[in-house]
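Notes for the structure review
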Amino acid sequence: MANLRLPPLPTIRDIIRLYGLRAERQLSQNFLLGMNLTDKIVRQAGKLAGAHVCEVGPGPGGITRSILNQGAASLTVVEKDRRFLPSLEMLSEAAEERLKVIHGDILKFNMEEVFPENLKKAWHEDPPNFHIIGNLPFNVSTPLIIRWLEALSNRRGPFVFGRTRMLLTFQKEVAERLVAPVKDLQRSRLSIMAQHLCKVKHCFTIPGTAFVPKPDVDVGVVHFTPLEEPLIDLPFKLVEKLVRSVFHFRRKYCRRGIESLFPLERPDLTEEIFWKTAIDPMRRPMTLTMEEFNLLCQAYYNICLRIPGMIDYNYR
């Protein structure tokens, strides 16, 4: 790996000064300047020597440098903000063709066009030697992880290569929701949607003081490894709809959320779900186990199969 390390380069702080860069608060941008910290983050992804990596939103390239220094065989960075392209292109030249810079939106980026076909692994094999890493802006992190979890469920996007692992940053509160266990007050829709598809690990917390500019909150580093089999083996949108409905009324009994799945004139369908699952309708949403959410989803799925159009009902 020694011959893959980058040559001496200006520090990230110098790069920011050289190119006149600044973090845009309205875009929830925050820079990490210390290499010790970016190295620590990247190590949570596992062994990257010889790996292929896609980094989301590299900004001035702090984490990018750490990925390259870990010996990644290839790194593609997808950056939406044009201001960062010159500094990333400079880094690309220093990396001797290991780094490819893409100006674009990660949600519209087709990874199959960039990464080699031979990376693909069957779903039940070990994860491919391919990783997604990103220090995500707060304003896109939650919708982006939901999009990726749906892609994972459908084995599309990054998951055409197999059980692609992800290492991402989130606002500390969001990170805690992603890993929250049963009965935890942070248990939420995100907890169920992530944990029924992935092994989710909250690696560590970065204090806000480590970022420039300093955000109002601390940041959690979270690692995702897709499961071989989902804990709720049903269409993503159906599962997400039921889970979202139940947690929409998180301070009430779970019955209230299930009721909202059906028209007011069909209280019998709510009764059917609790009768078939043997779940107490007076339970709070955060006390429900993954197995119980699976039962609720299966019962709801059977009703939607039986009654055309029910899946499209929206109480709002």
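Treat the numbers as computed from the prediction; the structure is a model and nothing was measured.

Spatial strand order, β4-β3-β2-β5-β6-β9-β7: 7 strands in an open sheet with mixed pairing. For this open sheet the edge positions go to β4 (99–103) and β7 (198–206), each flanked by a neighbour on one side alone. Strand-to-strand twist across the sheet, computed as the mean angle between neighbouring axes with direction ignored, equals 20°. Pairing of strand β6 (residues 165–171) with strand β9 (residues 219–226), which is carried by 6 bridges, proceeds in the antiparallel orientation. Counted as the bridge partner of Thr169 is Val221 from β9. The strands that helix α2 (residues 35–43) touches are β6, β7 and β9; relative to β7, the one it contacts most, it runs at about 165°. Sitting on the sheet, helix α5 (residues 138–154) touches β2 (52–56), β5 (130–134), β6, β7 and β9, and the angle it makes with β6 is about 150°.

Here the focus is the nonpolar core. By size, the foremost hydrophobic cluster in this structure holds 65 residues, and its most contacted members are Phe170, Phe224, Leu242 and Phe293. A per-element tally of this core places helix α11 (residues 290–306) first, with 8 residues. Discounting chain neighbours no more than four positions away, the residues touching Phe224 are Ile145, Thr164, Arg165, Met166, Leu168, Phe170, Leu178, Ala194, Cys198, Lys199 and Val200. Counting 35 residues, the second-largest nonpolar core is a separate cluster that includes Ile16, Leu32, Ile41 and Phe84.

On to the UniProt feature "domain: Ribosomal RNA adenine methylase transferase N-terminal" (unreviewed entry) in the chain. With numbering matched to this structure, UniProt assigns "domain: Ribosomal RNA adenine methylase transferase N-terminal" (unreviewed entry) to residues 37–228. As a span, residues 37–228 carries 30% helix and 24% strand, and end to end its C-alpha atoms are 32 Å apart.

Attention now moves to helix α10 (residues 267–277). Residue pairs spaced three or four apart in an α-helix point in one direction, given the helix's 3.6 residues per turn. Of all the residues in α10, the buried ones are Leu269, Thr270, Glu272, Ile273, Phe274 and Thr277. Those residues of α10 that are buried are in contact with α9 (254–259) and α11.

What follows deals with the UniProt feature "binding site: S-adenosyl-L-methionine" (unreviewed entry) in the chain. The positions UniProt marks with the feature "binding site: S-adenosyl-L-methionine" (unreviewed entry) are Asn30, Leu32, Gly57, Glu79, Asp105 and Asn135. Mapped onto the elements, Glu79 comes out in strand β3 (residues 74–79). Not counting residues up to four positions away in its chain, the partners in contact with Glu79 are Gly57, Pro58, Gly59, Phe84, Leu85, Leu88, Ile102, His103 and Gly104. Position of Asn135 among the secondary structure elements: in the loop between β5 and α5. Filtering out sequence-adjacent residues up to four positions away, Asn135 remains in contact with Asn30, Leu32, Val56, Gly57, Ile63, Thr169 and Phe211.

Cut-offs and rules
Residues numbered from 1 in each chain as written. Predicted model: local features only at pLDDT ≥ 70, side-chain atom pairs only at ≥ 80, totals over all residues. Heavy atoms only, no water. Pairing = 2+ DSSP bridges. Helix = DSSP H or I, 4+ residues; strand = E, 2+ residues; numbered from the N terminus. Axes fitted to C-alpha atoms, helices over the stretch in contact; angles between N-to-C directions. Contact = heavy atoms within 4.5 Å. Core = buried A, V, L, I, M, F, W, Y, C linked by side-chain atoms within 4.5 Å. Buried < 20%, exposed > 50% of the residue type's maximum accessible area, 1.4 Å probe, protein only. UniProt positions renumbered as here; feature names shortened; annotations may be inferred.

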